[in-house]
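# Geometric and topological summary
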Amino acid sequence: MTAPFASPRSPDHAVHAQFVERHSPRAFTDEALTEAELMILLEAARWAPSGSNTQPARFAYARRGEPEFARIAALLAPSNRLWAEKAAALVVIASQAEVVKDGVPTPQVSHAFDAGAAWMSLALQAHLRGWIAHAMGGFDKPAAAEALGLPPGHQLHVVVAIGRKGPAETLPDHLRPRETPSLRRPLAEVAGHGRFV
Ligand SMILES: Cc1cc2nc3c(=O)[nH]c(=O)nc-3n(C[C@H](O)[C@H](O)[C@H](O)COP(=O)(O)O)c2cc1C
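I will try to describe carefully the structure that is included in this document.

What follows covers helix 2 (residues 35-46). Helix length check: helix 2 (12 residues) gives 16 Å between terminal C-alpha atoms against 16 Å at 1.5 Å per residue, within 8%. Of the positions making up helix 2, those classed as buried are Glu37, Leu38, Leu41, Leu42, Ala44 and Ala45. Down the axis of helix 2, the buried set is contained in an arc of 150°. They therefore lie on one face.

Set out below in structure tokens:
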């Protein structure tokens, strides 16, 4: 583990520390993630709620050193690949956007929302076990669909880089300032009493 950073984050209400302390740095140590540890993170995602319990979220994972890891890393936008290929594991998250009922393709209306819940469960479980989980929307989705065998009727969302937080000094200069946790809008800007603000 690296030295704690001076976080600018300060919650306005008495929220559990995990929600404020979880963040998305980019510097990783070279510590490996065991298959068993990765399964714990995916297990958390499996237990996420979903509309009508349809459980549309799907995952394709690989650990650093495996050929499948290189295949996923190659799909990342160069700006993401630069740091994310040093992660201990990569997890691609997709969701089943439609199911075929009586021969008719039917939308799973909440599939993206449900996949988001699964991502957050994974991220918080990772944080609770001392790992970083950093989501990236920047990857080649058509190429990923082909390379990873995305089934028909599914949509890709993110690739998640998972690893142990490393020193910011290991990053290129332009990324170092971004290791500082980001802030949030005030609650009153996003939550209104009885109507949207
Ligand atoms: C759907 C989604 C897509 C994202 N895509 C990228 C990305 O391509 N590259 C990147 O460096 N970070 C990416 N992020 C990370 C966000 O920038 C980050 O979560 C946000 O700035 C809030 O910071 P925090 O996670 O440290 O709290 C993504 C996050 C989400 C949820």
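With that out of the way, let us pick up helix 5 (residues 111-128). Counting along an α-helix, one turn takes 3.6 residues, and residues three or four places apart therefore face a common direction. For helix 5, spanning 18 residues, the distance from its first C-alpha to its last is 26 Å, which sits close to the expected 26 Å at 1.5 Å a residue. Regarding helix 5, the residues found buried are His111, Asp114, Ala115, Ala118, Trp119, Leu122, Ala123, Leu124 and Ala126. In this structure, the buried side of helix 5 is in contact with helix 1 (17-21), helix 2, strand 1 (57-63), strand 2 (89-96), strand 5 (132-136) and strand 6 (154-163). Looking one or two places after helix 5, you find glycine 130, whose phi comes out positive at around 85°.

What follows deals with the pairing of strand 3 (residues 98-101). Bridge analysis of strand 3 against strand 4 (residues 104-107) gives 4 bridges, and the strand direction is antiparallel. Considered in strand 4, the bridge of lysine 101 is made with valine 104. Hairpin connection of strand 3 to strand 4: 2 residues between the antiparallel strands, including aspartate 102 at a positive phi of 50°.

With that settled, consider the environment of aspartate 102. By the element assignment, aspartate 102 lies in the loop between strand 3 and strand 4. For aspartate 102 and valine 158, which are 56 residues apart along the polypeptide, the C-alpha to C-alpha distance reads 31 Å.

With that settled, consider the site of the ligand. Near the ligand, the surroundings consist of 15 residues, among which Arg9, Ser24, Arg26, Gly137 and Arg184 are the closest. One of the side-chain N or O atoms of arginine 9 is found 2.6 Å from an oxygen atom in the ligand. Within the backbone of glycine 137, one N or O atom sits 2.7 Å away from a nitrogen atom of the ligand. Within the residue set of the shell around the ligand, elements represented by two or more residues are helix 4 (78-84) and strand 5.

Conventions used here
Counting restarts for each chain, with residues numbered from 1 along the sequence as it is written. The predicted origin of the model limits local features to residues at a pLDDT of at least 70 and limits the giving and counting of side-chain atom pairs to 80 or more, whereas totals for whole chains, interfaces and linings rest on all residues. Calculation of side-chain values draws on the structure's entire complement of heavy atoms; hydrogens and water are dropped beforehand. Segments assigned H or I by DSSP are reported as helices when at least four residues long, segments assigned E as strands when at least two residues long, and all are numbered from the N terminus. Given a helix with a known number of residues, its expected span is that number minus one, times 1.5 Å. Each residue is assigned to one of three classes by its accessible area relative to the maximum for its type, calculated with a 1.4 Å probe on protein chains only: buried under 20%, partly exposed between the two thresholds, exposed over 50%. Working definition: the arc comes from the directions between the helix axis and the C-beta atoms, pointing outward to the latter. Only heavy atoms matter for contacts: two residues are in contact if any of them lie within 4.5 Å across the pair. Paired strands, in this sense, are two strands between which DSSP finds at least two bridges. In these notes, residues near a molecule or strand are those with any non-hydrogen atom within 4 Å of it. Within 3.5 Å is the distance limit for a polar contact, defined as a pair of N or O atoms, with the added protein rule that one can donate a hydrogen and the other accept it, and that residues adjacent in sequence qualify only through two side-chain atoms.

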